[in-house]
Structures are given as structure tokens and as C-alpha cells.
Amino acid sequence: MRFSIRWLKQYLNMDLPVDEIIETMMMAGLEVEEEIDLGMRSGKIVIARVTETAPHPQSDHLTLCKVDAGGEPLSIVCGAPNVKAGEIYPCALLGATLPGGMVIEPRKIRGIASQGMLCSAAELMLSQDHSGIMQLPDDSPIGEPFDFIVDIKVTPNRPDCLSILGVAREVAAMHGKKVYPPKPRPKEMLTRVESLVKLSVPARNQCPRYTCRLIKGVTIGESPLWMRRRLEASGLRSINNVVDVTNYVLLELGHPLHAFDFDNLAGGEIRVRTAETGEKLTIIDGTEMTLTAEDLLIADANRGVALAGVMGGLDSEVRSETTNVLLESAYFDPVTIRRTSKRYGISTDASYRFERGTDREGLTLALHRAAQLIQELAGGEIARGVIDVQTAAAERPPIVLDLGRVNRLLGIELTGTQVADYLANLGFEVRGGSAQQLIVSAPSHRVDVSRDVDLIEDIARLYNYNNIPKTLPRTRCPIAASSPLHAIIEGFRDSLARMGLFEAMSFSFISEADASRIGFDPARQPRIANPLTVDQVIMRPSVLPGVLAAVGLNQKRFESSIALFEIGKVWPPDSKPADPDAERWEAVAVLTGPLPPTWSAAARDCDFYDMKGIVESLISELDAAPEFEPLTDSPVFHPGRSARLLVKGQTVGELGELHPELAAALDLRGRVYLARIEMNKLAEVAGGAGRRVTPVPRFPASDRDLALVVARDLPVGQILDATRRAAGAMLEDLVLFDVYEGDRLPADKKSIGLSLRLRSPEKTLTEDEIKQVMDKVTRSLEKQFGATLRS
């Protein structure tokens, strides 16, 4: 918000240097984003009166001016056509630096010395007006520094500071003072407003309160200089005296107003209703809007006349021929205004304030203030009374403030009197509850205050953060035990990164099409109430869409070798997004493209067994043995190149090549290999295991190879599992080192080669003991699978 420090000072009732005001605003939490010194800091731009004028003897367009700037009379050469004796203007003295960087130096203009410069609004960066120098009101104090402009950043939770009154309240309270709002007393005619205006509010939820007043017989004209200059300093252009008043009060008190040409309201009626789908409205800038049923509309008896809280309508705006003005002051639902503003991409000073929350109880002050100013500046008569239609406001319960908690959180020692004074200066009503408690009621303009910590924050600001001693907080920091699930998640993250995969992070929201492609019903997924885009409408049932989108994005940027993983939360079908127990964790890894060459191997494309090796490594870290079964019925995985992952007999995921149809739908190139692991299920079946550490063996191992002929369609995994069971505790390691299918064997047979490492932790195994184990394995495989030793 941009404003003039001179205007702010009129509310402060304190003579503070400009730098102290800025420092106070910063300590109050109002960040100053821009400063424009117009003399209050440098003292080089002052308010001056031209006492005499004479033509320049060497020019037909220059004027010689005698200027009273509060000291010795100055001689200044001026080229502006509007300079007049007796008028007041801003004057840049010698040595002044203007906002644009121009330095005022002594110089001769057509042979005559000029001791300064009379300034235009454009030269002071107050407007784009280069047509002449900037005339000031007749009561401007001669010789005083002209002004200082600041632009502050107000956080979204403090809409009460979006006004001169709000900023002044904060600055004064930081200095132990109070400010008081104006007390307008408009002069009213005998005729009551209810007899002239009809008001109805069908949309009570979107407009909890609507008030209006009627001013008859106004004369539209130019606003006085003092108002125009304050609006210009705030970055607003003067329109006419009535519209300027509404903008002036908006800046002064922070509540948006709107003025209607009453004669253009059909039936003298105002109806606050929601728009009909497809209803048209032409707003003040000439844009024709096509509205939706979610928009709030101000209408007369026949049509819409304003987009509530955002912008007025063209047909009902105040023009030069307007004589009767209906003045609106209302409280609109912030969410409704925010959605309308975002929907049409229209942000105005009014919508900016309404969508953050305005003062519902203080809106009548703005209404009376504006009515009185319009009467003073445009004449006319104000109809008696106010039409006020409102729903009952929810009562804000008082806040119990514990003094011990205040001092404990801030690390200081404040008395109840000090705390009460701080809060009272900000407009809070404070009552004593007990020796250690205060009962505090927040003023209506503080919509951000609902808890004791909100009050404590205000107390800290007024005490001044710089005065709070630097002490270490006394807190207990209990270390929460890590759950098996989160221990596995963190372990997987570390392991996958060590294997060379990069971690991806995708949105938890996906489109309905994404869910359908991976086999989920979008109708059963939790939906986003207010999605940002059509691609983010439901909560994801799997991490897969985000990871596959990342693969596609990398391929479009000519990356061929891609290795990614993501471990994130997912929401199963029919779950509730607000239910933390419904959330599940899922890990997805993806490989595609060539593997980089090493000193011992040339580059090659990754395959199923690379992904299988990654999965086996992850599961082995849990001291569990992964098992695999063929997977043929998944919309995600290739029906002939995929497997179901089991741990201790329980299915915990899948791995394999991406289904060709899904790859084509996502426009992915090459073979893509995936693994998906349900982390919650994995933690349930293997979460308590962890990796076992065994001592260095004291006795030697014995390696034996076994060549078997088995059915060609028999999964090798079943052979391996049976071998482990038969060998028992003596088996330290088991490796498949060969698979042969060819002319030397029948067409329905294959040969596999197994390498077994046997070891006892207690002694060196004898040949007889080794033979017993190998015979037991051979008999078991023959009995279960008909396996025979290959000769």
C-alpha cells in the first residue's frame, strides 16, 4: 500500500522524524518496500509560495519568480505555463536530488541565475502529469518539507493495516499512544431513505451485511486540491469529487465503498443476489463479463449493475450529469470475492481488501464519513437514516490471556498493567480476570485475532523485538522413536540414491485420466474441492503417474538414460483426504535407456534384471528373501515381462516392463522398467526384522555346484526356494549361474546350474556332512519338480 507520510502524520498527533516512523513501521511488521524522499529526509524539497512573477527578458515562455520557501527570498526561473503569483508549489532547493536522480545545481537559464526548481507531479514521481508545476492547497505550511512517500507490504493476515488509520494505529501504539477515527456527523434531510430506496439481499451467505445511504442533488465536479494530492500520492488518479471521496475513504479507513448513479437504478432498487449462469454485465472499463452462478451480483429491478466487491457496472457509474448518488458500504464473503477475482483475473483495491476480510462492524463509519465528504464537496441533501440489512454475526468469544504464558513465551517479565496498556493502545478491550489472567476482547477490525498467541505476538511487537533479551529457550525435546515404516522409507531412500537413482517429487493431485490409465476408478478417489487446474482434481492412488510424467519430461529434453524413484503418500479408493489413517506410502523406481559404460563392461540398455536386482537389494536389507510370481493381469505392466513381488508369502508390489499400451498413451520412448512397492504392507510383514550382523566366519566354506534338468516352464524361483528349504542352516549362499535350453535337451526341458556355499559356524564340515546336505537337496528337487541330475 502506497501513501503519504504527511497524511499519516495528521492521524498520529506526534511529531516524529520520518526515519523513526519508518523504523517503527518495520518493527510493527509493516515491511517498507519503497521510499520516495520528497524533502522530509533531506530537507531539500519544501513547500513554497510564488510571491512575484515577471516575464524572462530573453525568452517568451520562461517566467522569473520570486519564491518564499521559508527563508530568504529565492529567484527561480520557471518554464511551466501555470505558474502564478500567490500560488503554492513544491520547490526543490539547490542540492536537492529528485526521485528520478536529477540533482538541482546553481545555473543560469538564458543569462539569469536560478536558485532552485518549482516541481511538477511527474518530476516528483507522483503522477504522469508533465503539463505544469504541481499546485498545492492554500493552507499548505510554507517552508516545511514537502512529503515522503512509502509503499508498504502488508501480510495477508493484517487487512486492518491497509489504511492510513490502520498504519497510524500501529505506529502510535508502538509509542504508547492511541489514534482516534473521525466522527462524521452528516446533515440529513427529513425524508427517510427507506421511502426512496428498496433494498433486498437474497444472497445472505455471500453478503452478510449491506448498508446504503442516498445523497440527492449533488453537483459533479473536480475534487479540491488537498484530496487530489493525497490520492496522487497513493497512486490513484482523480476522477470526480464523488468517486474521489469513495477512493479517499478507502485509503483512509480501509473499507471499500461504491457510488451508484441512483437515477440509473431501475425501480430505485438494489438486490444483492447471485448471478445467473451466462448472465452478462459490462463493467466500468468497458469489458463485457459472462458470469457464473458462483458470482455475487449487485442488481437493480431489471439487470446487474456491479460485480460485488470487485468492480462497478458501466451503466450505473457516476458521470458528470449525475445528480443523485446511492452510496454502498457492505461486507462480502472473502472466499466469494477471491474466487470471482481469480476467475476473471481482475484485482482491484476493493477486491484486494474484501478477499482478505474487512471490518464488518466498522463499515457504517466509512459510509457516514463518505456521505459527509460528498455533501461537503458536491453539495446535495442526505436522506435520513441508513438501510442496513444483515445476518446475525457469530459472536467472537473473549480470549483468556495467561500472564505467565506471555512471559514464558517471550522470555521477559511484564506486569498485567503493562500488557493491558499495550493491548488497549491497539483497540482491544481488556478486563481483569484474576491476578494472573486478563480477559481480552478483540476489536472488530482485527479479524486475525482468535487465540492467546495472537495477542502475545502483538505484545512482543509493542514491547519491541529489539528489547527482548537473547536467551536460549528452556524446552524439552523428546526424541520420538522411529516407526518400522518410516525406518524402511528412509533406508530405501538412502539405498536407491546410492544405487544411482535420482529422487523425484511430484504433486499428490492428478487428473482423472491419469487414474484411469493405471487401472483406478476416478470416481472413487478423494476429490479436490477447489482444484487449481483440470490436471489436479483428485488425490493420487499411486505415485506412478507423477514418476512416469517425469520420465516423459526428461525424454522430451533429450535425456535418454533415466533412473528415478519417488517415495510418497497415496490415497486408496474410497478414502477420505482428511483422514491420516487412510494415507499409504508407496515407493516407485523407474529405469529406461542405456546404462553408462564401466571399465569392465560396455554400455548396454537396462533390462528387467537390472530392476529385479534393485528390488532384491532393497528387500535383502530387511533380512528378508524376495519372492517373484508371474504377473499377467496388470494395466501398468507388460503381461509377459513382469512379476509380482512377495515377501514371506505376502504380495507387497510388482515390477517389470511398462505395458506397451500405457507407454504409447504417455508417448514414452523405448522400454521402461518399473518397480512399485506398497511400503505399509512391506512394513507389516518385514518391518521388525532389520539387517542382522554376523561375525566373521571362523571355519572355511565349501562350494558345490549342482546341474539339474527340469521342465522348461518351471520358474527358477521355485527351484531356489526349495533348495534353500532343503539345505537348511548350512546354506550360506545360493547363486544361479547358468540356464541352458537347446538341441542337447528335449524341447520341453532346460538345464540350470546352481552354486551352493555351505558353512557351519561351529566346525569345519566333513565330506560326509556336505554329501548329506547335497543328497537331501537333490532328493527334494526330484520329488517336488521331477528334477534330474544332468550327466
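Anyway, here's the lowdown on the structure attached to this text. Just so it is clear, the structure is predicted and the values come from calculations on it, not from any experiment. (Residues numbered from 1 in each chain as written. Predicted model: local features only at pLDDT ≥ 70, side-chain atom pairs only at ≥ 80, totals over all residues. Heavy atoms only, no water.)

1. A short note on the overall build of the chain
Quick reminder of the rule: Strands here mean DSSP runs of E at least two residues long; helices mean DSSP runs of H or I at least four residues long; both are numbered from the N terminus. Values of the radius of gyration come from C-alpha atoms, whereas the globule rule sets the reference at 2.2 Å times the count of residues to the power 0.38. Contacts: residue pairs with any heavy atoms within 4.5 Å of one another. Computed by Shrake-Rupley with a 1.4 Å probe, the accessible areas treat only the displayed protein chains as cover when residues are assessed. We treat Lys and Arg as the positive residues and Asp and Glu as the negative residues; His and chain ends play no part in the count. Note that the charge is assigned to NZ on lysines, CZ on arginines, CG on aspartates and CD on glutamates.
When you go through the chain residue by residue, the secondary structure sums to 19 helices and 41 strands. Whereas a compact globule of 791 residues would reach a radius of gyration of roughly 28 Å, the chain reaches 40 Å, over 25% beyond that. In terms of overall dimensions, the chain has a C-alpha envelope of 125 × 70 × 65 Å along the principal axes. Taking the contacts inside the chain whose residues are at least 6 apart along the sequence as the reference set, 68% of them involve residues at least 24 apart. Carbon together with sulfur atoms contributes 50% to the accessible area of the chain, which is approximately 39100 Å² in total. Averaging the positions of the 91 positive and the 107 negative side-chain charges in the chain gives two centres separated by 3 Å.

2. Focus: the packing of helix 1 (residues 5-12) against helix 3 (residues 164-174)
Quick reminder of the rule: Every axis corresponds to a line fitted to the C-alpha atoms, with the helix fit spanning only the stretch in contact, and the corresponding angles, defined between N-to-C directions, vary from 0 to 180 degrees. An angle counts as roughly parallel when it lies under 35 degrees, as roughly antiparallel when it exceeds 145, as roughly perpendicular when it falls between 65 and 115, and as oblique in every other case. With the far helix as reference, a near helix turned anticlockwise by less than a right angle produces a left-handed crossing, and one turned clockwise produces a right-handed crossing. Just so you know the grouping, Ala, Val, Leu, Ile, Met, Phe, Trp, Tyr, Cys and Pro go in nonpolar, Asp, Glu, Lys and Arg go in charged, and all remaining residues, Gly too, go in polar.
One way to put it is that helix 1 packs onto helix 3 with a least axis distance of 9 Å and a crossing angle of 60°. In terms of axis orientation, helix 1 runs oblique to helix 3. Pair helix 1 / helix 3 crosses with right-handed handedness. Listed contacts from helix 3 to Trp 7, Leu 8, Tyr 11 and Leu 12 of helix 1 are Ile 164, Leu 165, Val 167, Ala 168, Val 171 and Ala 172. Grouping the amino acids of the contact of helix 1 with helix 3 by side-chain chemistry returns 10 nonpolar, no polar and no charged.

3. Digging into the sheet that holds strand 4 (residues 63-68)
Where we set the bar: The rule for pairing is simple: two strands pair if DSSP sees at least two bridges between them.
As summarised here, the arrangement of the 5 strands in space is 5-4-3-6-9, forming an open sheet in which the pairing is antiparallel. Because the sheet does not close on itself, it has two edges, and the strands there are strand 5 (74-78) and strand 9 (116-118). Strand-to-strand twist of the sheet, defined as the mean angle between neighbouring strand axes without regard to direction, takes the value 45°. The pairing of strand 4 with strand 5 spans 5 bridges and is classified as antiparallel. Following the sheet pairing, Cys 65 is matched in strand 5 by Ile 76.

4. Details of empty space enclosed by the protein
To be explicit about the condition: As defined here, a cavity is a set of points on a 1 Å grid over the protein atoms alone where a 1.4 Å probe fits but cannot get out. A pocket is an open set with protein on both sides within 12 Å along at least five of seven lines, and residues line them when an atom is within 4 Å of a point. Grid points are joined across faces, edges and corners, and a volume is the space filled by probe spheres set on the points.
Inspection of the entire model under this criterion finds 1 cavity of 30 Å³ or more. Computed from the structure, the largest cavity encloses a volume of approximately 50 Å³. Lining the largest cavity we find Leu 496, Ala 587, Val 588, Ala 589, Met 611, Ile 614, Val 615, Leu 618, Ala 675, Arg 676 and Ile 677. Where the lining of the largest cavity is concerned, the elements lending two or more residues are strand 31 (584-592), helix 15 (608-620) and strand 37 (672-678). The dominant element in the lining of the largest cavity, judged by the number of residues it contributes, is helix 15, at 4 residues.

5. Considerations on the pattern of salt bridges
Spelled out, the test is: Any Lys or Arg side-chain nitrogen found within 4 Å of a carboxyl oxygen on Asp or Glu counts as a salt bridge.
Overall, the coordinates contain 54 salt bridges when judged by the stated rule. Residues Glu 170 and Arg 461 are paired through a salt bridge, measuring 2.5 Å at the closest nitrogen-oxygen approach. You can see Glu 170 sitting in helix 3 and its partner Arg 461 sitting in helix 11 (residues 452-463), a full 291 residues away along the chain. One network of salt bridges, with partners in common, ties together Arg 158, Asp 160, Glu 170, Arg 446, Asp 448, Asp 458 and Arg 461.

6. Let's talk about helix 12 (residues 484-498)
The cut-off we apply is this: To estimate how far a helix should reach, multiply one less than its number of residues by 1.5 Å.
Between the first and last C-alpha of helix 12 there are 21 Å, a value that for 15 residues agrees with the 21 Å anticipated at 1.5 Å per step. On its buried face, helix 12 sits against strand 27 (502-503), strand 30 (562-570), strand 31, helix 15, strand 37 and helix 17 (679-686). Of the residues one or two after helix 12, Gly 500 is the one with positive phi, at around 100°.

7. Re the packing of helix 10 (residues 416-425) against helix 11
It is the contact of helix 10 with helix 11, at a shortest axis distance of 10 Å, that shows an interaxial angle of 95°. Judged by the inter-axis angle, helix 10 sits roughly perpendicular to helix 11. Contacts between helix 10 and helix 11 involve Val 419, Tyr 422 and Leu 423 from the former and Leu 455, Ile 459, Leu 462 and Tyr 463 from the latter. For the contact of helix 10 with helix 11, the per-class residue count stands at 7 nonpolar, no polar and no charged.

8. Some thoughts on the sheet that holds strand 10 (residues 147-153)
The 3 strands lie next to each other as 1-10-2, forming an open sheet whose pairing is antiparallel. Looking at which strands have only one partner, the edges of the open sheet turn out to be strand 1 (2-4) and strand 2 (31-38). Averaged over all adjacent pairs, the angle separating strand axes in this sheet is 20°, with direction ignored. Judged from the 3 bridges that link them, strand 1 and strand 10 form a sheet pairing that is antiparallel. By the bridge assignment for strand 10, Arg 2 is matched with Asp 151.

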